[in-house]
Amino acid sequence: MQTVPVAVKGYLEQKLSRKLVHMTAGPLFLLTWPLFSAEPYARYLATVVPGLNAIRLVLIGTGVVESEGTVKSVSREGDRAELLRGPLYYVLVLIGVTIFYWRASPVGLVALSLMCGGDGLADIVGRRLGKTKLPYNPSKTYAGSIAMFLGGLAMSMGLIALFCSLGYFRCSMGEVFPSVAAISLVATLIESLPINQSVDDNLSVPGSAALMGYLLLGAVAPAVL
Ligand SMILES: Nc1ccn([C@@H]2O[C@H](COP(=O)(O)OP(=O)(O)OP(=O)(O)O)[C@@H](O)[C@H]2O)c(=O)n1
Ligand SMILES: C/C(=C\CO)CCC[C@H](C)CCC[C@H](C)CCCC(C)C
């Protein structure tokens, strides 16, 4: 099993801190949504912060702006060009979920939860506890995939419960659970495939979740926008 240094220069190992940012930035952004009004333009106002972050990632990733700290905190290997892939896709997904789903559908919450809570936890758990590799993808493990499924499902149900309690969705947790579990399973299978070199997880995971969400959760009616 790979030994993972817990602390390297500072408090957290870089791979761990990067994944913690990956797991928390999206849900923290979602938790600001109730602060916005019910006006039709509110969702577009909410995209300002991720939009500015996208611009910042492009400026740093192309070398127009220097920011060693940002490069170190969100890139795998410290190459600024990496910011134009995973991290930029991540922020674009936040913008897309905000515009197309907002507080009107749980599909956006599920897609974002699987990208943040699921894919992020898969890496953290898989690196530390992953012993048995997947037969069709030796770079990933059963432990990582199980963590992805459970982490994405738990974050999804937590956010749906919150948004239901705030009156945004007309739904019962028992009613949506089977659909969210099925969406989480499909997204977990997609994430486990050896396709990350051609399709980034930050696109394939939320994309597959959104497609499944359309099929399985489309009927969940919004109470208010
Ligand atoms: N289902 C999974 C997913 C990840 N991992 C572990 O986490 C590591 C990184 O996973 P991966 O998704 O490939 O991360 P990266 O793509 O490198 O990171 P990022 O998604 O942030 O770009 C893998 O090598 C593996 O050790 C795992 O065991 N099982
Ligand atoms: C390491 C990451 C992805 C690679 O898989 C995550 C990148 C995170 C972005 C650089 C920053 C995203 C910030 C959000 C758009 C806004 C968060 C606001 C909230 C209130 C903290």
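Remember, predicted model here, so these are calculated numbers, not experimental data. (Residues numbered from 1 in each chain as written. Chains lettered and ligands numbered in written order. Predicted model: local features only at pLDDT ≥ 70, side-chain atom pairs only at ≥ 80, totals over all residues. Heavy atoms only, no water.)

Examining the pairing of strand β2 (residues 137–141)
Note: strand β1 (residues 133–134) against β2, 2 bridges, orientation antiparallel. Following the sheet pairing, leucine 134 is matched in β2 by asparagine 137. The turn joining β1 and β2, which pair antiparallel and follow one another in sequence, is formed by 2 residues. (Pairing = 2+ DSSP bridges. Helix = DSSP H or I, 4+ residues; strand = E, 2+ residues; numbered from the N terminus.)

What about the site of ligand 1?
The environment of ligand 1 is formed by 16 residues, the closest being Arg18, Lys19, Arg76, Thr141 and Asn196. Lysine 19 places a polar side-chain atom, nitrogen or oxygen, 2.4 Å from an oxygen atom of ligand 1. Within the side chain of arginine 76, a nitrogen or oxygen atom sits 2.7 Å from an oxygen atom of ligand 1. Protein contact buries 86% of the 590 Å² of open area that ligand 1 shows by itself. Secondary-structure elements contributing two or more residues to the shell around ligand 1 are α1 (14–30), α6 (106–129), β2 and α7 (142–165). The biggest single contributor to the shell around ligand 1 is α6, with 5 residues. Looking at side-chain class alone, the shell around ligand 1 contains 1 nonpolar, 6 polar and 9 charged residues. (Near = heavy atom within 4 Å. Polar contact = N/O pair within 3.5 Å; in protein donor to acceptor, adjacent residues only side chain to side chain. Areas by Shrake-Rupley, 256 points an atom, 1.4 Å probe, with all protein chains shown as cover. Nonpolar A, V, L, I, M, F, W, Y, C, P; charged D, E, K, R; others polar.)

Section: helix α3 (residues 48–61)
Between its terminal C-alpha atoms α3 stretches 20 Å, which fits the 20 Å expected from 14 residues at 1.5 Å a residue. Listed in full, the buried residues belonging to α3 are Pro50, Gly51, Ala54, Leu57, Ile60 and Gly61. Elements in contact with the buried residues of α3: α1, α2 (42–46), α4 (68–74) and α5 (86–100). At the C-terminal side of α3, glycine 63 shows a positive phi close to 85°. (Expected span 1.5 Å × (residues − 1). Buried < 20%, exposed > 50% of the residue type's maximum accessible area, 1.4 Å probe, protein only. Contact = heavy atoms within 4.5 Å.)

Quick look at the pattern of salt bridges
What the rule picks out here adds up to 5 salt bridges. The salt bridge involving lysine 19 is made with aspartate 123; its shortest N-O contact spans 3.8 Å. With lysine 19 in helix α1 and aspartate 123 in helix α6, this residue pair connects regions lying 104 residues apart in the sequence. Lysine 19 gets classed as buried once you look at its relative accessible area, which sits at 9%. Counted as one network, the salt bridges with shared partners bring together Lys19, Asp123 and Arg127. (Salt bridge = Lys/Arg side-chain N within 4 Å of Asp/Glu carboxyl O.)

Regarding the environment of alanine 81
Structurally, alanine 81 can be placed in the loop between α4 and α5. Between the C-alpha atom of alanine 81 and that of threonine 62, which follows or precedes it by 19 residues, the distance is 6.5 Å.

A closer look at a nonpolar patch on the surface
Judged by side-chain polarity, Tyr41, Tyr44, Leu45, Val48, Leu52, Ile55, Leu59, Val64 and Val65 come together as a nonpolar surface patch covering roughly 850 Å² of accessible area. Elements with a contribution of two residues or more to the nonpolar patch: α2 and α3. Looking at which element gives the most residues to the nonpolar patch, the answer is α3, with 4 residues. Structurally, tyrosine 41 is set in the loop between α1 and α2. (Patch = residues over 30% accessible without salt bridge, like charges linked within 9 Å, V, L, I, M, F, W, Y side chains within 5 Å.)

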